[in-house]
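Report on the structure
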Amino acid sequence: MRIGILGRANRYLLPSEHQVITVRQHWALLIAPLTAALGGGLAAIAVSTLPRDTKPAQFVVWALTGFLILRFVFIVANWSVQAIVITKERFMLVSGLFNPKITTIALSEMKDLTFERSYGGKMLGYGAFTIESGGRIHTVIDYVPYSEQIYLEVLGLTPIADYNESETQDNKDDDEHH
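One structure accompanies this document, and this report is about it. Computed from a prediction, not measured in an experiment: that's the story for all the values here.

Phe91, Ile131, Ile150 and Val154 are the most contacted members of the largest nonpolar core, which totals 17 residues. Those elements giving two or more residues to this core turn out to be β1 (19–23), β2 (83–87), β3 (90–95), β5 (110–116), β6 (126–133), β7 (139–145) and α5 (147–157). The contact partners of Phe91, leaving out residues within four places of it in the chain, are Ile84, Val85, Ile86, Thr103, Thr104, Ile105, Leu107, Met110, Phe129, Ile131, Ile141 and Val154. Core analysis: the second largest hydrophobic core is formed by six residues, Ala9, Leu13, Ala83 and Met92 among them.

Laid out in structure tokens, this is it:
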């Protein structure tokens, strides 16, 4: 029996489906909450060095720091069970620590897939996908590791690639006739 994100993702696959790609969001997702928790800790330590008559302020700062640390722990736990799963039929985002949530987009319904990479993404190795399916609201999946490879793989599985190839072939045919 598989454990971890692979095993968790298998629960939501149809019997005829197989995972083509399964990844966890990039660890860079954890940088902002970690920085907030560390900053809160430094602020709490700094406030603790103030004179005794600032006890209420110290309590508030330590309480906020505790909240930031708990928030970071929750985000790490949630990140550890979240998976991006791609099969030959669909694109899934499995998330939720206590209440699993599965967001599914059929690859046959996918009308547009946009790949973006920020400067931080270039340096750390992640990107973002914006998916449009059936004219509906866009779905954005950020912090995708190996984003260039996954983008090319997804394009190879979707009708988008067939459309682009046939359009390119039509343009070549038009050029030959002129």
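Alright, that's what it looks like, and here's the rest.
Those residues of α5 that fall on the buried side of the exposure criterion are Ser147, Ile150, Val154 and Leu155. Down the axis of α5, the sector holding all buried residues measures 135°, keeping them to one side. Seen from the open side of α5, the exposed residues pointing more than 90 degrees away from its buried face are Gln149, Leu152 and Gly156.

What counts and how
Residues numbered from 1 in each chain as written. Predicted model: local features only at pLDDT ≥ 70, side-chain atom pairs only at ≥ 80, totals over all residues. Heavy atoms only, no water. Core = buried A, V, L, I, M, F, W, Y, C linked by side-chain atoms within 4.5 Å. Buried < 20%, exposed > 50% of the residue type's maximum accessible area, 1.4 Å probe, protein only. Helix = DSSP H or I, 4+ residues; strand = E, 2+ residues; numbered from the N terminus. Contact = heavy atoms within 4.5 Å. Arc of directions from axis to C-beta.

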